[in-house]
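# Architecture and fold: a report
So you can see what is in the structure, the chains are spelled out below.
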Amino acid sequence: MTYTERGEWEQHYGEGKGWRRLGERERHLLAEHVPVPEGGGRALEVGCGTGELAAHLARAGYTVDAVDFADSAVARAREEHAGIEGVRWLRLDIERDDPAPLHEDGYDLITMRLAYPFVRDRNRLVHELSRRLRKGGALVVITPTVENTPAERRGIALDEDEITLLGAGWETVERRDADGLAFLVLRGPRPLATRAVEKRPTTGHALTGALAVVTDDGGRVLLGRSTRGMLELPGGKTTGPEGFAAAAVRELAEETGLVANLSDAHVVTMLVDDSHGIPRLTAVIRITAWTGTLTNAEADKFDRWEFFDLHALARVGDVFVPAALALDSVWPGVIPDLPSVVSYPLAAERPPVPGEPEEAARLRQEMAQTVIDGGWAPSEPVRDALRTVPRHRFAPEVSLADAYDGGDRAVVTRRNETGTAISSVSAAWLQADMVESLRLTPGASVFEAGSGGYNAELIAHAAGAGGRVVSVDIDPWVVRRTRAFNAEAGSGAVSVVEGDAALGAPAHLVPRGGFDGSMITYNCWDVAPAWRAQLAEGGHLVLPLSIHGYTRAVTLQRRGDVLHARGWTVCGFVRDRGVATRPSPVLMLADGRMQVHVHDGPPPQSEGLEEALHAERHELPTGVLLPGKSPYDTLQVYATTTLPGACALTCDRATDTPLLAAGAEHLPALVAEGSLAYLTCVPRRQGATPQESRHEFVVWSHGPAGPAMAERLAQCVRDWDQHIRPTGYPPMTVHPATTPDHDLPADGVVVDKTASRLVFQWPTPPLAQQPQTAALAGGDRV
């Protein structure tokens, strides 16, 4: 007897039936192998049935969460063990429901007694349960085995191959016999690295084939564990004049019992590779809808079929090469280190494919609320975009929790050969802030430089009906990935183009009169002329602009040929690439432990600096105090735009500077004449809260010219404290590089770049007073 439907389980428990009682041998093994940790422990029982094991664990000293998807089972458990304390009975489908009711701090013990053979997606469930184990915790699986089970009931048992597979992803596996049941204790989750592997050499008639990519209502992909010991997609060779899509539909039904209409089968990619010296052509067929019940219709070829989370595909063991390549064609990046292949993506019209787990919907709402509570999304269109656009579907290689992190975390999606991030999904709060800064009106058209999919979909959603986004990226892989994800989960309002975004959008995609808004999603040193030229009069350009090495997401509004700053946000982005790329010289000191960054101009001469660093250090307190975590972003920009020759210093933790210890990086510095002066942030008072703590800016200097440079830097800090800090960023304008000096705003500080001239109109500070070199004596200026 093997139940496959929830209704069968409800009837089973509703009629008063149960399962094999918990035996003395099982009780002994539990006490021996998973005793209650000192001070008490927390346990999770999956598939608790009528609750006998949960009650036993509670009596032993565990606090237990006992879950089952059958209402009748949970009702009986509550009734039969009403006097047991320490058990929380939960009606929860552990495979399908949002796991939010489970204990967020994890468990010391997770048990599955007589339940594992009934799990449909075993790989995915074990992976998710392993993530909930506390350090040193154990997963205990108690199950019948095929060897000790009559043939007519083998659906409730595991064979040796399944037991071996279950234990393959753990550091230690202990197996004991419990009166004919296998008692397995698994510790130390160790997910298997995914490998794309081949079968035996192909035969002449197996040179072409069709593979079906099918997802369930949770967005998980269907894979079968074949008798060859690897995971495969449904599919096979064509028969006679049969087309690739028809072959995929037929093979899907023959192998899995799932039925799809030919109209829901879309050929999305043709893959050409080599198998044992024979060319191989594989058609990738995306199935967008299906019906039926999943079965293993060809038991001679497959052991079982399961739906897998996309973010787990990098840790599933061996996958048949064409299947791995097909998965990558639909979700680029989900499986790393694949063999080379020639891919021919087809511009097939197909509808977006729905499907997400309940947990994704909950986490998306929580992320949106975090961003809203932070004040980053004041408008309803942007709030609705955050609540609606499925961020996890544009970062399928990470877990739902990582995709919907509402904090400061970006999801890196591509790195170069040195490991440097070159493409990512930015932090949600920053994306919301930049979309808000576009000040979109309904039906707006927007240019995006730097693709990925999610950010463009946020913009399109916020622009509403009739809105349009043109996204340009220089990386072919990023473009392929973005197109694939937009086809899967997009609105149809985003056009993705391969090209150098610094050159703007292709002319035929630029609206008459220009884009209503433009957003640059990578760190840029200059404002490209095309961005101004393709922006409508009054439109807003939002870009992460590097100003002497400090990046700010600046909102610029076009007024004729001049762009006017309307907003500033501290941010960090991946570097630009293409024609606008500009190297940033770095001067390495102290065996590389100190780095002087020069983002505008050549690096300073290092002669004499090493000797100066080993000489006596001069310290000059500025008298400027800040509460803990108080922002000083305007100081960075003020100092580097008003102090000639300013640069930025970073240090590793092996140095004796308090630069990093105080949490401050890239503070302003001056280098000249074999001398160095730089700003540090020194703790002065430790409070119960960051707001009650105080840090002081102190200038450290080395070398003969150090004291004089320190005074200049200290006076700059004092001027900032008195005149800039209370008012924030100044008016700033961006002019074409050909603009003569007399046409620039008077009394402005000019920062010249290749294509533009930036003019900062800082408040004019009073004449510098004699620098304060005495120790602090007085109140805090906060």
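Data block above holds the structure.
Residues numbered from 1 in each chain as written. Predicted model: local features only at pLDDT ≥ 70, side-chain atom pairs only at ≥ 80, totals over all residues. Heavy atoms only, no water.

### Remarks on the side chain of Thr-269
Note on placement: Thr-269 falls in strand E13 (residues 265-275). The buried category is assigned to Thr-269, whose relative accessible area is 4%. The residues contacting Thr-269, other than those within four sequence positions of it, are Thr-282, Ala-283, Val-284, Ser-329, Ser-343, Tyr-344, Pro-345 and Leu-346. (Helix = DSSP H or I, 4+ residues; strand = E, 2+ residues; numbered from the N terminus. Buried < 20%, exposed > 50% of the residue type's maximum accessible area, 1.4 Å probe, protein only. Contact = heavy atoms within 4.5 Å.)

### Thoughts on the sheet that holds strand E3 (residues 87-91)
An order of E3-E2-E1-E4-E5-E7-E6 is seen for the 7 strands of this open sheet, with the pairing classed as mixed. Bordering the open sheet on either side are E3 and strand E6 (170-178), each of which pairs with just one other strand. Taken pair by pair, the neighbouring strands of this sheet meet at an average axis angle of 15°, ignoring direction. Two strands pair when backbone bridges link them, and E6 and strand E7 (residues 181-189) are joined in this way by 8 bridges, in the antiparallel orientation. Across the sheet, residue Arg-176 finds its bridge partner in E7, namely Phe-183. (Pairing = 2+ DSSP bridges. Axes fitted to C-alpha atoms, helices over the stretch in contact; angles between N-to-C directions.)

### Topic: the nonpolar core
In terms of nonpolar packing, the biggest core is built from 74 residues, with Val-221, Leu-233, Leu-313, Leu-327, Trp-331, Leu-386 and Tyr-454 touching the most fellow members. At 7 residues, the largest contribution of residues to this core is made by helix H8 (residues 321-330). Excluding residues within four positions of it along the chain, Val-221 makes contact with Val-213, Val-214, Thr-215, Leu-233, Glu-306, Phe-307, Phe-308, Leu-310, Leu-313, Leu-327 and Trp-331. Counting residues in each nonpolar core, the second largest holds 58 residues, with Leu-541, Leu-563, Trp-568 and Leu-679 among its members. (Core = buried A, V, L, I, M, F, W, Y, C linked by side-chain atoms within 4.5 Å.)

### Details of the pattern of salt bridges
The tally for this structure, following the rule as stated, stands at 48 salt bridges. Across the salt bridge formed by Asp-93 and Arg-6, the nearest N and O atoms sit 3.2 Å from each other. With Asp-93 in the loop between E3 and strand E4 (107-113) and Arg-6 in helix H1 (residues 6-14), this residue pair connects regions lying 87 residues apart in the sequence. Residue Asp-93 is classed as buried on the basis of its relative accessible area of 12%. We classify Arg-6 as partly exposed; its relative accessible area is 32%. (Salt bridge = Lys/Arg side-chain N within 4 Å of Asp/Glu carboxyl O.)

### Some remarks on the environment of Ile-285
Tracing the backbone through its elements, the reader meets Ile-285 in strand E14 (residues 278-287). Given a relative accessible area of 0%, Ile-285 falls into the buried group. Other than its neighbours up to four places away in sequence, Ile-285 contacts Ala-210, Leu-211, Ala-212, Val-213, Phe-244, Ala-245, Ala-248, Ala-265, His-266 and Val-267.

### Focus on the packing of helix H17 (residues 633-642) against helix H18 (residues 706-724)
Packing of H17 against H18 brings their axes to within 10 Å, and their N-to-C directions diverge by 125°. Taken together, the axes of H17 and H18 are oblique relative to one another. For H17 against H18, the interelement crossing comes out right-handed. Only Cys-716, Val-717, Asp-719, Trp-720 and Ile-724 of H18 make contact with H17, whose side of the interface consists of Thr-634, Leu-635, Tyr-638, Ala-639 and Thr-642. In terms of residue class, the contact of H17 with H18 is built from 7 nonpolar, 2 polar and 1 charged. (Parallel < 35°, antiparallel > 145°, perpendicular 65-115°, else oblique. Left-handed = near helix turned anticlockwise from the far one by under 90°. Nonpolar A, V, L, I, M, F, W, Y, C, P; charged D, E, K, R; others polar.)

### Section: the pairing of strand E1 (residues 41-46)
For E1, a buried count of 6 out of 6 residues is recorded, marking the element as mostly surrounded by other parts of the structure. Of the two faces of E1, the one holding Gly-41, Ala-43 and Glu-45 and the one holding Arg-42, Leu-44 and Val-46 are both buried throughout. Two elements, E1 and strand E2 (residues 62-68), share 6 bridges in a ladder whose sense is parallel. Paired with Leu-44 across the bridge in E2 is Asp-65. Handedness of the crossover is the feature at issue here: the chain leaves E1, passes through helix H3 (residues 52-60), returns alongside E2, and the resulting connection is right-handed. Pairing geometry for E1 and E4, over 3 bridges, is parallel. Bridging from a neighbouring strand, Leu-44 pairs with Ile-110 of E4. (Right-handed = clockwise from strand over helix to strand, strands pointing away.)

### Some points on unusual backbone geometry
For Leu-114, which is not glycine, the phi dihedral falls at a positive 60°. Residue placement: Leu-114 occurs in the loop between E4 and helix H5 (122-131). In this structure, His-548 takes a positive phi of about 55° despite not being glycine. As for its position among the elements, His-548 is in the loop between strand E24 (535-547) and strand E25 (550-559).

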